[in-house]
Amino acid sequence: VPRPYDFVNACIAKLQHLLGLNRGSDEIATALLQDLQHAQDLQHATRQDKIVGTLLGPRDFEPADTPSQRILIGQRPRLADLREGCFLERAGRVRSILEVIQQAIPRDSPLRDGGRKVPVVWISGGSGVGKSALLLQSLREVVCELDLPVIYNEHFAEDLPKAIEQVGSGRALIAADDLYAPDARRPELWREINRQAHGAPNITLLACGPDESREAFVEMVHRHGVLSVRRVDVPLLTEAEQSEYFQWFCDRTGSTDLRRPTLANFVVAAFALDRARQGDASLEEFAARLKQRLQDLGIYETMLATLAVNRLGIRPPDSFFGGVQEVLRELKNEGLVWLNKDPAGRLSVSFHAAIGRMLYEIYRPERVFAEARARDVAFYFKAVAGDHERARSLISLLGGGKKAGKRIPEQFAIDALEKIWEVLVEDHPPHLKIGLLLQCKSA
């Protein structure tokens, strides 16, 4: 039906009314089924949209039947990973998030003529501190403790307008991972999200993402005036948490001969322990072996470019790797890269930000490879220059001025734009790329 949550609320109201009149169960069932038929007829007469997101219930969080030793390292967490216990439970951090959610949930809210904004509870922190896992653990607590429908949109910001429309005037929590990723910031998308949110006075959004995404999100929110951000910070691991995680890792994998790494980044600590369990003496040794493997496959330069633009928030399409998609799937199965699928089914390639940053620093130390880093970005640009949307997006990002300054150092942006200019002039007839040349010159 067009607005299932409004429809359910209307059914509950009719049910209570008819019970109050002491009507029989057959009469009540008939009345409710007639309302359902009317709502379905209305839907078929207008348009047939698919329901987006997953309406979560307690069964979605029941532990898996079979025990598992699997550890989640770098991949985007799924509900199945939570059920299998693939990451450490962090009850204290979850409780802090739940308290903010409870404070944010609208209580008997009228329509938004009183000026109340839609709250967005944002789990914030650097890459690799465990934000996505905490989001799933928090959803479990909301479902099991609070009387509130919970809709999980995974990481598809594109589905938010439809999800909000489905809720209508009802109360609900809508959750999305990496809500304001650089490739999900189209102005028209967020105009529509804000428009829908303005007509949904009783929703709460739960999101997570790195600090730079939250800062950009807050800027957008201020322009529209509909959403309001409530921030929950997740810091790096304390020494006590490092010890707790190390013990949990050893217990889960049955490892007895590992040394506890002194790493405060959750994902990098997990990655280092997993590589040590597989025989790598250090992360540098692993990186050297991976480099040799990538060189043998002929995709080392391509992977360097992927690492470079991942740092800017860009995920290259899998077509960037030419005819070696099977190799990408092998790397994905080994937990080294992500293959991200958008709602249209297109795949893009990325590393977890913390792991990618670590590898890139090993391969391209900033202090000695500044120019090579710029060339890596230009290498990616050359491959996607025929896709004007991707090409324009990269130039715009590098030329973002003060807004991009925190994430992209000015000198790096200048160096990268100079290399991109060379690619455009030398490798492409200017009359075919005049728009990109002008944009690059302006940036």
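Structure's up top.
Procedures and definitions
- Residues numbered from 1 in each chain as written.
- Predicted model: local features only at pLDDT ≥ 70, side-chain atom pairs only at ≥ 80, totals over all residues.
- Heavy atoms only, no water.
- Core = buried A, V, L, I, M, F, W, Y, C linked by side-chain atoms within 4.5 Å.
- Buried < 20%, exposed > 50% of the residue type's maximum accessible area, 1.4 Å probe, protein only.
- Contact = heavy atoms within 4.5 Å.
- Helix = DSSP H or I, 4+ residues; strand = E, 2+ residues; numbered from the N terminus.
- Expected span 1.5 Å × (residues − 1).
- Phe/Tyr/Trp six-rings, centres within 6.5 Å; stacked < 30°, edge-to-face > 60°.

Concerning the nonpolar core
Thinking step 1. In this structure, Tyr-245, Leu-359, Val-377, Phe-381, Leu-394, Leu-398 and Ile-420 are the most contacted members of the largest nonpolar core, which totals 72 residues.
Thinking step 2. If sequence neighbours within four positions are ignored, Leu-398 has contacts with Leu-312, Val-377, Ile-408, Phe-412, Ala-413, Ala-416, Leu-417 and Ile-420.
Thinking step 3. Judged by nonpolar contacts, the second largest core, of 34 residues, contains Leu-82, Phe-87, Val-143 and Val-232.

Quick look at helix 9 (residues 239-253)
Thinking step 1. Between its first and last C-alpha, helix 9 extends 21 Å over 15 residues, near the 21 Å set by a 1.5 Å rise per residue.
Thinking step 2. Among all positions in helix 9, only Glu-241, Gln-242, Tyr-245, Phe-246, Trp-248, Phe-249, Cys-250, Arg-252 and Thr-253 are buried.
Thinking step 3. Residues of helix 9 that are buried sit in contact with helix 3 (79-84), helix 4 (91-104) and helix 10 (266-277).

Digging into the packing of aromatic side chains
Thinking step 1. According to the stated counting rule, one finds 12 aromatic pairs in the structure shown.
Thinking step 2. Note on Tyr-180 and Phe-217: the rings are 5.4 Å apart at their centroids and 70° apart in plane angle, and the pair reads as edge-to-face. You can see Tyr-180 sitting in the loop between strand 4 (172-177) and helix 7 (187-198) and its partner Phe-217 sitting in helix 8 (residues 211-224), a full 37 residues away along the chain. Each member of the pair Tyr-180 and Phe-217 is classed as buried.
Thinking step 3. Seen from their ring centres, Phe-320 and Tyr-380 are 5.4 Å apart, and the 80° between their planes marks the pair as edge-to-face. Here Phe-320, found in the loop between helix 12 (300-310) and helix 13 (325-333), pairs with Tyr-380, found in helix 15 (residues 370-384); they are 60 residues apart in sequence, far enough to count as distant. Across the pair, Tyr-380 and Phe-320 agree in class, each one buried.

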